[in-house]
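# An overview of the molecular structure
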Amino acid sequence: MTTIEFEDRNPAGATGPQRSARHSRRTRAARDFDRHRMWVVARTDLRQLVQSKDYWIPMVALGSLFFFVIPTILLLTITRIGDINVVQQASQALKILPAQAQAQIQGSSPQGRTAFALAVYLFAPVAVVVPLTISTAVGAATLVGERERGTGEFLAHSPASVREIYLGKLFASFVPGYMTTLVGFGMYSLVVNLVVGPDVGGWFFPTSQWWVLMLWIIPPFLLLTLSLVLRLSARVRSTAAAQQASGLITLPMIGIAYSQSTGTLLGGSPNTGWILGAIAWVVAAISLHTGVRSVTRARLLGVAQ
Amino acid sequence: MESLGSPAAPPRPTTEGSGSSPTALVPPPYRGPLPNPPTSAVPSVPTGVTPVPAFGSDVAVVPPTATAPVTAPTDVGASAPVVQLSGVGHRFGANDALRDLSFEVPDGAITVLLGPNGAGKTTAIRAITGALAPMWGTVRTFGLDPDDDGHLVRPRCGVVSAKPALYDRLSGRDNLAYAAELYGVGADAADRIERCATRFGIEDALDQLVGGYSTGMKTRLALARSVLHDPQLLLYDEPTSGLDPESSYAVLDMIRDMTSYGHTVVMCTHLLAEAEGLADHIVMIESGTDLISGSPTELTRRYWPNPIVTLDAEDPRLLDRAAAFPGVSGYRRDPAGARLEVDDLRRVPDMVASLIADGVRVTRVEPHVPTLEDLYFTIRRESGVGERSIAAPGGAARPDGGLR
């Protein structure tokens, strides 16, 4: 006689109803999420941004200012300046940098060393301010904007789940800021290498810390900020209120992100950036997960209590 | 009453008017050509004229506080109702948006939710798709609970809200494409977009930004979007708001056309003229509660079971003798003439002949078909819901009641 042994699918001792509830939640979450629909929501938002010159022209201007104009002027001033006293004063100021950071500064001339230090260590805020500013501006208006235009009614009646809407909106807010930052980062790298490179023995930028900063640390901070901004956008009654309130979130986030990114660039251990980024990703993931609850159909309709 | 020499009078129909009178005598149903521009679509009592007092009727209207709605049997949609609301309630702060609202939407028909602004029509639409979960009561759409099974309900619904809810920064085509993708139209989306745009007459404007559309074009685009995914149930919330009479007429014509494509339509309106020409089934809503529901024919039969004739004469006072004629169950005279409720329209020629023989110079003999307007104001008056304004044809409110 053959004995059939059933696999124990309940090793933890979960009872039937508990399993059922978990299964139900998983099933519901699965049916509530269609990646294509999320992408459709995001793509439509992005298309509207592209159609709106009054939005993307300031965005490009901001990116150009921070990643191209200001660095170019400053670095050219340092490397081509005639007054050696000014350079020496700037060079003295760099002594406040940690010893490990000072040891990594390249260049034989005072101009070269000063320009290297500025390019590598002191422009970190640029990488933080630009994406957070741009994405926050988009994110703050995204949900309340739907409500104000009346299109929230369309979304509320549509088959799109609130999770798809939330993540679609989040993605559409993330992309403009981060893409601007990446493009600006490329431009900045070019400027730095062309202006400072000859004084430090060739192209040197981006450094490994900058790669970590751009690809590992900035994204989670941006997502974390957006997850908070979208909660606001879902709750407030007007875009103006959302913009005002998002400032309360964005400014501290810029401060935190700046201090952490500066720490990554200046910190001694090469693992500092990786660890910091990992923590930021975990916090961002939790915030994103819980942030979905802020979007409800009643809020899209503008009738939430 | 004085005999008019008519044949044996037919038996008086019951108050339900369920068919004891010959079919030929039943007033024509409401369904018919769409009204011309609303100002002239429905006959109305001239302003300043004393309303015709009520004929006798023993049909009770349930006041808003009653729990059991008056639901007349409907003569449309024999299959299971597409939508069922039972005792549905919702509250916004201290205000009751819906209060024990109950009604059914028959399959394949146009159901009109009729009520003044703030009656709860929009909230009812939102509850039907699950966009808003009611605080109490039961909603079933396609037999499903839209709050739990919204992912199954919403793809089968097409909604046009009072504000068209279009993306102004996108073209008409992009708006439709967005809806097509959200509703999972599939590979033939482009073809469907073209066909829908053509059907609603916006094909030439499809590539323009919607921000440049007129209000009428936006409504057409919203209508096209609502049918793009071929839904079973169409929910239109005051789709003609903001439109001129001609555009309204065109939009209503399109909506009426929907049922020929197999759609079930629910339309909210506070315009009696719209409902008059369109409704297969009417649900009158007031303060979040259904006052009455049923087909227009059934409802008017319930309120006016007998045919009504309007008479006028050079000296209207002489018409008073008609009150005593056989078969006349009700009589009222006002400056517009005399109205008689008779058990059989076939008595009318004899009545007129008798009046003429008595020297009365009759100037008008006209069967009166009770309108939705008559019905609406009668129900509101009898249910004691007050005199909140609703737009009667011509824009005038009719708090005075209609025929009764």
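Residues numbered from 1 in each chain as written. Chains lettered and ligands numbered in written order. Predicted model: local features only at pLDDT ≥ 70, side-chain atom pairs only at ≥ 80, totals over all residues. Heavy atoms only, no water.

With that settled, the discussion passes to the overall build of chain A. Secondary structure summary: chain A contains 14 helices and zero strands in total. Each helix and strand of chain A, placed in order from N terminus to C terminus, yields the pattern α-α-α-α-α-α-α-α-α-α-α-α-α-α. Looking at chain A as a whole, 49% of its 305 residues are labelled buried. Long-range contacts, defined here as pairs at least 24 residues apart, represent 82% of the contacts in chain A between residues at least 6 apart. A total accessible area of about 14,500 Å² is found for chain A, and carbon and sulfur atoms account for 65% of it. (Helix = DSSP H or I, 4+ residues; strand = E, 2+ residues; numbered from the N terminus. Buried < 20%, exposed > 50% of the residue type's maximum accessible area, 1.4 Å probe, protein only. Contact = heavy atoms within 4.5 Å. Areas by Shrake-Rupley, 256 points an atom, 1.4 Å probe, with all protein chains shown as cover.)

Attention now goes to the pairing of strand β3 (residues 95-105) of chain B. Residues and elements named next belong to chain B. Pairing between strand β2 (residues 83-92) and β3: seven bridges, direction antiparallel. Residue Arg91 lies in a different strand from β3, and its bridge partner there is Asp96. In textbook terms, the turn of a hairpin is the stretch between consecutive antiparallel strands, and for β2 and β3 this stretch comprises two residues, one of which, Gly93, has a positive phi near 65 degrees. (Pairing = 2+ DSSP bridges.)

Moving on: the sheet that holds strand β11 (residues 308-313) of chain B. All names here are of chain B. Strand order in this open sheet of four strands is β12-β13-β11-β14, and the pairing throughout is antiparallel. Taken across any chain shown, the strands that pair with only one partner, and hence form the sheet edges, are β12 (328-334) and β14 (362-368). When the angles between neighbouring strand axes are averaged without regard to direction, this sheet yields 20 degrees. Across six bridges, the pairing between β11 and β14 is antiparallel. Considered in β14, the bridge of Asp312 is made with Arg364. Contacts from helix α10 (residues 348-357) reach β11, β12, β13 (337-342) and β14, with the element oriented near 165 degrees to β14. (Axes fitted to C-alpha atoms, helices over the stretch in contact; angles between N-to-C directions.)

Below, the discussion takes up the sheet that holds strand β5 (residues 136-141) of chain B. Residue and element names in this part refer to chain B. Read from one edge of the open sheet, three strands run β3-β2-β5, paired in antiparallel fashion. Taken across any chain shown, the strands that pair with only one partner, and hence form the sheet edges, are β3 and β5. Each adjacent strand pair in this sheet contributes to an overall mean axis angle of 25 degrees, direction not counted. Of the strands in this sheet, β2, β3 and β5 touch helix α2 (residues 121-129), which is tilted by about 60 degrees from β3.

Moving on to the confidence of the model for chain B. Detailed conclusions should not be drawn from predicted coordinates in areas where pLDDT is low. All names here are of chain B. Of the residues in chain B, 76% reach a pLDDT of 70 or more, and the chain-wide mean stands at 78. Below pLDDT 50 for its whole length, residues 1-77 participates in 171 contacts with residues either more than four positions away or in separate chains. Two summary scores accompany this predicted model of the complex, namely pTM at 0.77 and ipTM at 0.82. (pLDDT = per-residue confidence, 0-100.)

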